[in-house]
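# Inside the fold
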Amino acid sequence: MRIPAAKKELGQHFLIDENIVRVIGRFAELAPEDVVLEVGPGLGVLTAYLADRVAEVHAIELDRSLEGPLSERLAGRANVQLHLGDALQLDLGGLEPAATKLVSNLPYNIATPLVVESLHGLPDLALWCVMVQREVADRFFAEPSTKAYGAVSVLVQLAAERTGFHPVSRSVFRPRPNVDSALVAFRRRGSIGDLARVKRIVTSAFAHRRKRLANSLELSGIAMRPQAEGALAEIGRDPRARAEELAPPEFVALANALTRE
């Protein structure tokens, strides 16, 4: 099979190593009844592995020049649906059957927004197992008051708990990326209520990172500063606190306090 040249503008780094594919399989806890969403199948190495072990695979590929190589590799696997288009624009929630796991070597340029949107937009997902840049993987489960901690950290940790982490060598990709990567797996927690409202507050809280949280919420139109300060005091936080000081569950408490203010 001719290997197409990777397109830098699409963040393509094709997965070519069968050993890391098996690690992905373990982390993804694959079962025969699973319906897997794979974004960025590339040359189909992971896709073929998944198709041989699960009920259905939805493979989302933006690069139409890969349709031929993918069809060639996946020939005979009737349980793979290849969807050509932008994963951030397609109605992934409308896929049938609905995906229960997201297992992907994610294109670098869409990894963070795709994961964040899937937390709320794809409620049937129970487990994520994704290859991403190392700094993105670290950000997902960063601790409060650290440089990596931000809105993404809060949203991922509210929705899920980490079940696996594995640094990945640059040699498993073609072409070799200029950054380190990591495989990270996490499982959905129970419902936390109105995640969409909490997401708006979290995003606004970190929108002006150098400012106090109450000021950020006011600048974003979420609440007037006195109201935000009162809500912080209600949850036992200094009204002058900054967003990065709050642990993820405190943002849920803050959202509830703001509703009562």
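It should be noted that the structure appears before, not after, this text.
Residues numbered from 1 in each chain as written. Predicted model: local features only at pLDDT ≥ 70, side-chain atom pairs only at ≥ 80, totals over all residues. Heavy atoms only, no water.

### Things to note about the packing of helix α6 (residues 151-159) against helix α7 (residues 195-205)
Close contact between α6 and α7 brings their axes to 9 Å; oriented N to C, the two are set at 155°. Looking at the two axes, α6 sits roughly antiparallel to α7. The handedness of the crossing between α6 and α7 comes out as right-handed. When α6 is examined against α7, the residues Ala151, Val154, Leu155 and Leu158 are found in contact with a partner set consisting of Val198, Lys199, Val202 and Thr203. A per-class count over the contact of α6 with α7 returns 6 nonpolar, 1 polar and 1 charged. (Axes fitted to C-alpha atoms, helices over the stretch in contact; angles between N-to-C directions. Helix = DSSP H or I, 4+ residues; strand = E, 2+ residues; numbered from the N terminus. Parallel < 35°, antiparallel > 145°, perpendicular 65-115°, else oblique. Left-handed = near helix turned anticlockwise from the far one by under 90°. Contact = heavy atoms within 4.5 Å. Nonpolar A, V, L, I, M, F, W, Y, C, P; charged D, E, K, R; others polar.)

### Structural notes on the side chain of Thr47
With respect to the helices and strands, the residue Thr47 is situated in helix α2 (residues 45-51). Ignoring any residue separated from it by four or fewer positions in sequence, one finds Thr47 in contact with Glu38, Pro41, Val57, Ala59, Leu74 and Val80.

### So, the nonpolar core
Ranked by internal contacts, the top residues of the largest apolar core, which has 58 residues, are Phe140, Phe186 and Phe251. Looking at this core element by element, the count peaks at 7 residues for α6. If we skip the residues at most four places from it in the chain, Phe140 touches Val115, Val130, Val132, Val152, Ser153, Val156, Gln157, Val184 and Phe186. Counting 32 residues, the second largest nonpolar core, distinct from the first, contains Phe14, Ala28, Tyr49 and Leu183. (Core = buried A, V, L, I, M, F, W, Y, C linked by side-chain atoms within 4.5 Å. Buried < 20%, exposed > 50% of the residue type's maximum accessible area, 1.4 Å probe, protein only.)

### With respect to helix α9 (residues 225-234)
At 3.6 residues per turn, the α-helix brings residues three or four places apart onto the same side. For α9, every residue scored as buried is listed here: Ala228, Ala231 and Leu232. Looking straight down α9, one finds its buried side chains confined to an arc of 100°; they lie on one side. For α9, the elements touching its buried residues are α8 (213-219) and α10 (248-260). One or two steps after α9, the chain reaches Gly236, where phi turns positive at roughly 85°. (Arc of directions from axis to C-beta.)

### What about the pattern of salt bridges?
Scanning the model with the defined rule gives 10 salt bridges in all. One salt bridge connects Arg187 with Glu29, and the closest N-O pair in it is separated by 2.5 Å. One end of the pair, Arg187, is in strand β9 (residues 181-188); the other, Glu29, is in the loop between α1 (18-28) and β2 (35-39), and 158 residues separate them in sequence. (Salt bridge = Lys/Arg side-chain N within 4 Å of Asp/Glu carboxyl O.)

### Observations regarding unusual backbone geometry
Note the cis peptide between Glu96 and Pro97, where omega equals -10°. Turning to its location among the elements, Pro97 is positioned in the loop between β4 (80-84) and β5 (101-105). With phi around 50°, Glu29 is a residue other than glycine that occupies positive phi space. A relative accessible area of 37% means that Glu29 is categorised as partly exposed. Its identity is not glycine, yet Ser145 carries a phi of approximately 65°, on the positive side.

### Notes on the side chain of His83
Looking at the element boundaries, His83 is found in strand β4. Classification of His83 by relative accessible area gives buried; the value is 18%. Here His58 takes part through its side chain, which lies 3.0 Å from a polar atom of the side chain of His83. Residues contacting His83, with those up to four places away along its chain left out, are His58, Ala59, Ile60, Glu61 and Leu95. (Polar contact = N/O pair within 3.5 Å; in protein donor to acceptor, adjacent residues only side chain to side chain.)

### So, empty space enclosed by the protein
Taken as a whole and assessed by the stated rule, the structure comprises 1 cavity of 30 Å³ or more. Its volume calculated, the largest cavity comes out at about 40 Å³. Considering every element that reaches the lining of the largest cavity, the biggest residue donor is helix α4 (residues 111-121), with 3 residues. (1 Å grid on protein atoms, 1.4 Å probe; cavity = no way out; pocket = protein on both sides within 12 Å on 5 of 7 lines; lining within 4 Å. Points joined across faces, edges and corners; volume = space filled by probe spheres on them.)

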